[in-house]
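Summary of structural features
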Amino acid sequence: EKGGYDYFMLKEIADQPDAIAETLLGRLSDRGEIILDEVRLTDQDLRDVDKVFIVACGTSYHAGMVAKYAIEHWTRIPCEVELASEFRYRDPILDRSTLVITISQSGETMDTLMALRHAKEQKARVLAICNTNGSTIPRESDAVLYTHGGPEIAVASTKAFLTQLVACYLIGLHLAQIRGVMYADEVAAVVEKLQSTPDSLRTLLGQMEDVRALARDLKTASTVLFIGRHVGYPVALEGALKLKELAYMHAEGFAAGELKHGPISLIDEGTPVVCVVPSPAGRGVMRDKVVSNIQEVRARGARTIVIAEEGDEGVRAYADHLIPVPSTPTLLAPLMTTVPLQILACEIAAARGLDVDQPRNLAKSVTVE
Ligand code: M6R
């Protein structure tokens, strides 16, 4: 049932192109519009939304962090992301025109469920992004958009994350479309890129041999740092979470621009720093800033592992190890850049002789607060 792979996690990583394609299936028209008829909220309800909150835990929270960039950029509606375990305790300002989106693979996470109940009590509209049909969170929500990732067995979330991103992109584009913030051809252009991600991912997955070799090299590191900017920041956090969770190693993710405000003192001779580089497309300002952050850590002895878009030859000079990923529009880039980090964590854990699918102290679904 592991489909010839050593671990469920590796199988689930390999399933990601199909999982994305399944999540898109039936939700796009021939003209490149988003069809979300299954979401039981009327267009008028969605037009009335003046604020979006996304609440989730762990990896699903990282999907929410990425979604904030996309939703605000496309819809111009303010969007906040919050850890479900913190949400209700700070008495967030919610009313009928607030849309609260929960993201949960299992649909049973107690922190997320309690946040949802709190939002409902405050009369907010509640939409669940969930991978598990009929689970508690979608049952208690006003509306649901299922990710069609298929069952995820490994404790570490992989294909659920990428399909959650796809669901968030669909919601963002749908909101932008019905509110008239984006022209039909602009939505169609993003949709076309989304539709090409499964093929790009298949190509990327075929090029991961180097990452396996790198994992063997890094298995004795005492810490691994991850840096990124914009949507690369949640990707950095996700890379660090995976490594902690699976390899029991100290790992931490930072917004690249924050390094100089403290964390750069952690860099010592040989400290591995995984750098997620934004696309050089457009003006490439963010990309250039991350490249200077890479130079800064390298000057202090870091060993740099650089994830950058194919063809970005300029980064090569600063990379001790370069992992090229297929070109994607900036907001969709986490669909590519996350994958080498999943494989890195999985392979480091395997090289350390650990139980990849069932790390210690963790459960697949966390049903206590
Ligand atoms: O089922 P959920 O998406 O609500 O679960 C949330 C987290 O517990 C989950 O993403 C956790 O962080 C993963 N084990 C990370 O790989």
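Owing to the predicted nature of the structure, the values given are computational and were not obtained by experimental measurement.

Rules behind the numbers
- Residues numbered from 1 in each chain as written.
- Predicted model: local features only at pLDDT ≥ 70, side-chain atom pairs only at ≥ 80, totals over all residues.
- Heavy atoms only, no water.
- Helix = DSSP H or I, 4+ residues; strand = E, 2+ residues; numbered from the N terminus.
- Rg over C-alpha atoms; globule rule 2.2 N^0.38 Å.
- Buried < 20%, exposed > 50% of the residue type's maximum accessible area, 1.4 Å probe, protein only.
- Contact = heavy atoms within 4.5 Å.
- Areas by Shrake-Rupley, 256 points an atom, 1.4 Å probe, with all protein chains shown as cover.
- Lys, Arg positive; Asp, Glu negative; His and termini not counted.
- Charge placed at Lys NZ, Arg CZ, Asp CG, Glu CD.
- Phe/Tyr/Trp six-rings, centres within 6.5 Å; stacked < 30°, edge-to-face > 60°.
- Lys NZ or Arg CZ within 6 Å of the ring centre and 35° of its normal.
- Pairing = 2+ DSSP bridges.
- Axes fitted to C-alpha atoms, helices over the stretch in contact; angles between N-to-C directions.
- Parallel < 35°, antiparallel > 145°, perpendicular 65-115°, else oblique.
- Left-handed = near helix turned anticlockwise from the far one by under 90°.
- Core = buried A, V, L, I, M, F, W, Y, C linked by side-chain atoms within 4.5 Å.
- pLDDT = per-residue confidence, 0-100.

**Observations concerning the overall build of the protein**
Summing up its helical and strand segments, the protein has 13 helices and ten strands in all. Rg of the C-alpha trace for the protein: 20 Å, near the compact-globule value of 21 Å for 369 residues, within the 12% margin. Once the C-alpha set of the protein is aligned to its principal axes, its extents read approximately 55 × 45 × 40 Å. Burial statistics for the protein: of 369 residues in total, 57% are counted as buried. Expressed as a percentage of contacts within the protein between residues at least 6 apart in sequence, the contacts between residues at least 24 apart total 75%. Total accessible area computed for the protein in this model is approximately 15000 Å², and 47% of it derives from carbon and sulfur atoms. Between the centroid of the 38 positive side chains of the protein and the centroid of its 50 negative side chains there is a distance of 2 Å.

**Observations concerning the packing of aromatic side chains**
Enumeration over the complete set of coordinates arrives at two aromatic pairs. Ring geometry for Phe53 against Phe87: centres 5.4 Å apart, planes inclined by 70°, an arrangement best described as edge-to-face. In this pair, Phe53 is assigned in strand S1 (residues 51-56) and Phe87 in helix H5 (residues 84-87), connecting sequence segments 34 residues apart. Each member of the pair, Phe53 together with Phe87, is buried. Looking at Arg360, its charged tip hangs above the ring of Tyr248, at a distance of 3.9 Å from the centre.

**Some thoughts on the pairing of strand S7 (residues 250-255)**
Pairing geometry for strand S6 (residues 223-228) and S7, over six bridges, is parallel. Bridge assignment links Phe226 to a residue of S7, and that residue is Gly253.

**A look at the side chain of Thr136**
The residue Thr136 is located in helix H7 (residues 136-140) in this model. Judged by its relative accessible area of 13%, Thr136 is buried. The contacts of Thr136, once residues within four sequence positions are left out, are Gly107, Glu108 and Leu113.

**Some remarks on the environment of Val290**
Assignment of secondary structure puts Val290 in helix H12 (residues 285-299). Note: C-alpha distance between Val290 and Val191 (99 residues apart in sequence) is 28 Å.

**Some thoughts on the packing of helix H10 (residues 209-218) against helix H13 (residues 334-351)**
Across the interface, H10 lies against H13 with an axial gap of 8 Å and an inter-helix angle of 45°. Taken together, the axis directions place H10 and H13 in an arrangement best described as oblique. In this structure, H10 crosses over H13, and the sense of that crossing is right-handed. Across the interface between the two elements, Val211, Arg212, Leu214, Ala215 and Leu218 from H10 touch Pro340, Ile343, Leu344, Glu347 and Ile348 from H13.

**Observations concerning the nonpolar core**
Residues Trp74 and Ile101 are the most contacted members of the largest nonpolar core, which totals 93 residues. It is helix H8 (residues 159-178) that contributes the most residues to this core, 13 residues altogether. Non-local contacts of Ile101, meaning those with residues more than four positions away in its chain, are made with Val52, Phe53, Ile54, Val55, Ile71, Leu127, Ile129 and Ile171. Ranked by size, the runner-up nonpolar core spans 20 residues in total, among them Val290, Val297, Val306 and Ala308.

**Brief notes about the sheet that holds strand S2 (residues 79-83)**
Spatially, S2-S1-S3-S4-S5 is the arrangement adopted by the five strands of the open sheet, whose pairing is parallel. Of all strands in the sheet, those bounded by a partner on one side alone are S2 and strand S5 (143-146). Strand after strand, the sheet turns through a mean of 20° between neighbouring axes, direction not considered. As paired elements, strand S3 (residues 98-104) and strand S4 (residues 125-130) share six bridges and run parallel to each other. The residue of S4 that forms the bridge with Ile101 is Leu127. Of the strands in this sheet, S1, S2 and S3 are in contact with helix H4 (residues 58-75), which crosses S2 at around 175°. Against the sheet, H8 makes contact with S3, S4 and S5, and its axis sits at roughly 140° relative to S4, the strand it touches most.

**A short note on the sheet that holds S7**
Read from one edge of the open sheet, five strands run S7-S6-S8-S9-S10, paired in parallel fashion. Of all the strands in the sheet, the pair left with one neighbour each is S7 and strand S10 (321-325). The average angle at which neighbouring strand axes cross in this sheet is 15°, direction not considered. The pairing of strand S8 (residues 272-276) with strand S9 (residues 303-309) spans five bridges and is parallel. By the bridge assignment for S9, Val276 is matched with Ile307. Contacting S8, S9 and S10, H10 runs over the sheet at an angle of about 160° to S9. Across the sheet, helix H11 (residues 232-247) lies against S6, S7 and S8, angled at about 175° from S7, the strand it touches most.

**Structural notes on unusual backbone geometry**
Positive phi values are uncommon outside glycine, yet Tyr248 reaches one of about 55°. Looking at the element boundaries, Tyr248 is found in the loop between H11 and S7. We note that Asn361 has phi near 65°; this positive angle belongs to a residue other than glycine. Topologically, Asn361 is positioned in the segment after H13.

**Things to note about the confidence of the model for the protein**
Of all residues in the protein, 100% have pLDDT values of 70 or greater, and the mean over the chain is 95. Taken together, the chains of this predicted complex give a pTM of 0.97 and an interface ipTM of 0.98.

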